[in-house]
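# What the coordinates show
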Amino acid sequence: MSLALVAPLPHVPCQDFRNAMAGLAAAVNIITSDGPHGRVGFTATAVCSVTDDPPTLLVCLNRSASVHSVLTANAELCVNTLAGDQQGLSNLFGGKTPMAERFAAGHWRPGQNGAPLLEGAAAGFECRISRTVDVGTHDVLFCEVLALKRDDDASALIYFDRNYYGLSTYPTPL
Ligand SMILES: Cc1cc2nc3c(=O)[nH]c(=O)nc-3n(C[C@H](O)[C@H](O)[C@H](O)COP(=O)(O)O)c2cc1C
């Protein structure tokens, strides 16, 4: 038997990966936190469900983001899933805007864990960070969901091909 030596495949260029990911339509969320280390919030599309037992989702956070140290130190957060008319908030929380200016827009109230809950959002998941795994430039935050808010009538804000789309009416399921 001959053992062929197979060279490991080089990974694809980062920009090619980013361009391909632009084709992955995603819900838009504002991740908030408030606690002894301060109040912060940022926009994230890298959010998904992990398991329903215990109810857990994950959030990928760039370690170079200004919010990183405060959010991980507080260890409590809220995932506010935006409704179709909340694109302005996504841009505010996704840029280099000072934190006080971000929270001056929108209506916020403290959730049970202190993290700001957004009025009019499609959903709010109040969480405690249960585990963190670092991969490349990002931390993957595993977040146990301790309380929920869901607006059954809300529309959805979708980020696709570097543009926003509001699903303002429910389309016919395929
Ligand atoms: C639509 C959109 C989606 C984003 N998704 C993520 C994400 O999933 N994870 C992340 O770390 N940053 C994401 N960002 C970037 C952060 O929101 C941004 O870096 C954050 O506001 C931190 O910026 P700062 O360092 O100025 O505070 C996204 C930005 C936008 C506009």
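Keep in mind it's a predicted model, so treat the numbers as computed, not measured.

By nearness alone, 18 residues border the ligand, and Thr-43, Cys-60, Asn-62, Ser-66 and Phe-93 come closest of all. In this structure, Ser-66 approaches the ligand through a side-chain N or O atom, which is 2.3 Å from an oxygen atom. Elements that contribute at least two residues to the shell around the ligand include exactly strand S3 (38–44) and strand S5 (55–62). Split by residue class, the shell around the ligand holds nine nonpolar, seven polar and two charged.

One finds Ile-31, Phe-42, Val-59, Leu-71, Leu-77, Leu-141 and Cys-143 to be the most contacted residues of the largest nonpolar core, which totals 28 residues. Apart from the residues lying within four places of it in its own chain, the contact partners of Phe-42 are Asn-29, Ile-30, Ile-31, Val-59, Cys-60, Leu-61, Val-67, Leu-71, Phe-93 and Arg-102.

Looking now at the sheet that holds strand S6 (residues 76–81). Strand order in the open sheet made by the seven strands is S3-S2-S6-S9-S10-S5-S4, with antiparallel pairing throughout. Of all strands in the sheet, those bounded by a partner on one side alone are S3 and strand S4 (47–52). The sheet shows a mean angle of 30° between the axes of neighbouring strands, taken without regard to direction. Both S4 and S5 contribute to a ladder of five bridges, which runs antiparallel. Following the sheet pairing, Val-47 is matched in S5 by Val-59.

Taken as a whole, this structure holds four salt bridges when the rule is applied. The residue Asp-139 makes a salt bridge to Arg-63 at a minimum N-O spacing of 3.0 Å. Placement of the pair is Asp-139 in strand S10 (residues 138–150) and Arg-63 in the loop between S5 and helix H2 (68–74), with a sequence separation of 76 residues. In this structure, Arg-150 engages Asp-152 in a salt bridge whose closest nitrogen and oxygen atoms are separated by 3.8 Å. Here Arg-150 and Asp-152 have matching classes, each one exposed.

On inspection of all chains with the given rule, the structure shows five aromatic pairs. Pairing Phe-93 with Phe-103 gives two aromatic rings, centres 5.1 Å apart and planes at 90°, and the pair type is edge-to-face. On the criterion of sequence distance, the pair formed by Phe-93 in helix H3 (residues 87–93) and Phe-103 in helix H4 (residues 99–104) is long-range, its members being 10 residues apart. Taken as a pair, Phe-93 and Phe-103 share a single burial class, namely buried. Between Tyr-159 and Tyr-164, the aromatic rings sit 5.0 Å apart at their centres with planes inclined by 55°, giving tilted as the arrangement. Overall, the relative accessible area of 32% leaves Tyr-159 in the partly exposed class. A connected cluster of aromatic rings, assembled from ring pairs, spans Phe-93, Phe-103 and Trp-108.

What counts and how
Residues numbered from 1 in each chain as written. Predicted model: local features only at pLDDT ≥ 70, side-chain atom pairs only at ≥ 80, totals over all residues. Heavy atoms only, no water. Near = heavy atom within 4 Å. Polar contact = N/O pair within 3.5 Å; in protein donor to acceptor, adjacent residues only side chain to side chain. Helix = DSSP H or I, 4+ residues; strand = E, 2+ residues; numbered from the N terminus. Nonpolar A, V, L, I, M, F, W, Y, C, P; charged D, E, K, R; others polar. Core = buried A, V, L, I, M, F, W, Y, C linked by side-chain atoms within 4.5 Å. Buried < 20%, exposed > 50% of the residue type's maximum accessible area, 1.4 Å probe, protein only. Contact = heavy atoms within 4.5 Å. Pairing = 2+ DSSP bridges. Axes fitted to C-alpha atoms, helices over the stretch in contact; angles between N-to-C directions. Salt bridge = Lys/Arg side-chain N within 4 Å of Asp/Glu carboxyl O. Phe/Tyr/Trp six-rings, centres within 6.5 Å; stacked < 30°, edge-to-face > 60°.

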